[in-house]
Amino acid sequence: MASRLIPEIETERLLLRGPLPGDVDAWAAIISDPDVQQYLPQFRSPPPIHERAERGLNAIRTGWEQTPLTGISWLVALKDGGRLIGRLSAAPNSAGKMERSADPEFAYIYGQAYWGRGYATEAARAAIRYSFDHFNWPRVVAATLPGNAASQRVLGRLGFIAEGDVDYYELSGAEETIMMVDPIVSFFSLARERFDPGDAVYRVRG
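Let me sum up the structure you'll find in this document. All values derive from a computational prediction rather than experimental measurement. Sequence order as written defines the numbering, with residues in each chain counted from 1. In keeping with the predicted nature of the model, local features appear solely for residues at pLDDT of at least 70, side-chain atom pairs appear and are counted solely at 80 or more, and the whole-chain, interface and lining totals rest on all residues. For the side-chain quantities, the full set of heavy atoms in the structure was used; hydrogens and water were omitted.

Relative accessibility decides the category of a residue: with a 1.4 Å probe and only protein chains considered, values under 20% of the type maximum give buried, values over 50% give exposed, and everything between is partly exposed. Put simply, DSSP marks the helices as runs of H or I at least four residues long and the strands as runs of E at least two long, and each gets a number from the N terminus on. With seven of eight residues buried, strand 10 (residues 184-191) lies mostly within the body of the structure. Sheet topology places strand 7 (residues 139-144) next to strand 10; six bridges connect them, and they run antiparallel. Its bridge partner lying in strand 10, Val140 is registered against Leu190. One bridge is not enough; two strands pair if DSSP finds at least two bridges between them. For strand 8 (residues 161-167) and strand 10, the ladder comprises six bridges, and the chain directions are antiparallel. Each residue of the ladder has a partner; that of Val166, found in strand 10, is Val185.

Here is the structure:
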């Protein structure tokens, strides 16, 4: 079973949950897909893919154990059949060098087979709702590669506003660990008062 420290969120089609036995292989398959990797910063010294996947899942568990809790992260699975399809998170960039770095950055990754079905928007709406319900964050922010039009459309549906371009190395403080051909990314923000959770299915368990 998932850790009791990690709340589960049920939406119409999805379950946001903690890691389960057997997730490592499924997550490794997602993050090793070249179609997925093209939109992600790459590690300068990447570990073997299964080790990287295991570290990522462990980071979800340990993140929820922090006191005080500063960020949140879930795996995303289909309610019908339980298949793992992605991951999402929201947390400040503690090593960032910009004033904006203190705002929690919302980020997600989904397997290519699940793009274009509305899953990213559905899960994000639930996660952001949880964020605003349980934290006093005045806003959340997001960054995408300029060419990632699909992710930008998801952010637009959620109410995010484009604020221009920023240097992701300055935002994240991760220049020593990640490698980007061009660190300039498109920056978006969503103020608490702009967020509309709508009437979508949303149930929190645990």
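Any Lys or Arg side-chain nitrogen found within 4 Å of a carboxyl oxygen on Asp or Glu counts as a salt bridge. Inspection of every chain in the model, using the stated rule, returns 10 salt bridges. A salt bridge links Glu122 to Arg13; the nearest nitrogen and oxygen atoms lie 2.7 Å apart. Residue Glu122 is found in helix 4 (residues 119-134), and its partner Arg13 is found in the loop between strand 1 (8-10) and strand 2 (14-17); the two are separated by 109 residues along the sequence. The class of Glu122 is buried, set by a relative accessible area of 15%. Residue classification places Arg13 among the partly exposed residues on the basis of a relative accessible area of 31%.

Put simply, helix 4 and helix 5 (residues 149-158) touch, their axes get as near as 10 Å, and they point 45° apart. By the criterion of interaxial angle, the relationship of helix 4 to helix 5 is oblique. Along this stretch, helix 4 crosses helix 5, giving a crossing that reads as right-handed. Every residue of helix 5 that contacts helix 4 at Ala120, Thr121, Ala124, Arg125 and Ile128 is listed here: Val154, Arg157 and Leu158. Charged residues are taken to be Asp, Glu, Lys and Arg, nonpolar residues to be Ala, Val, Leu, Ile, Met, Phe, Trp, Tyr, Cys and Pro, and polar residues to be all remaining types, Gly included. For the contact of helix 4 with helix 5, the per-class residue count stands at five nonpolar, one polar and two charged. To obtain each axis, a line is fitted to C-alpha atoms, and for helices this fit is confined to the stretch in contact; angles are then taken between N-to-C directions over 0 to 180 degrees. An angle below 35 degrees is read as roughly parallel, one above 145 as roughly antiparallel, one from 65 to 115 as roughly perpendicular, and any other as oblique. By the definition used in this description, the sense in which the near helix is turned from the far one sets the handedness, with an anticlockwise turn below a right angle giving left-handed and a clockwise turn giving right-handed. Only heavy atoms matter for contacts: two residues are in contact if any of them lie within 4.5 Å across the pair.

Within the secondary structure layout, Gly111 lies in the loop between strand 6 (105-110) and helix 4. Judged by relative accessible area, Gly111 falls into the buried class, the value being 5%. The sequence separation of Gly111 and Ser32 amounts to 79 residues, and the corresponding C-alpha distance is 9.7 Å. Those residues in contact with Gly111 that lie beyond four places of it in its chain are Ile30, Val36 and Ile85.

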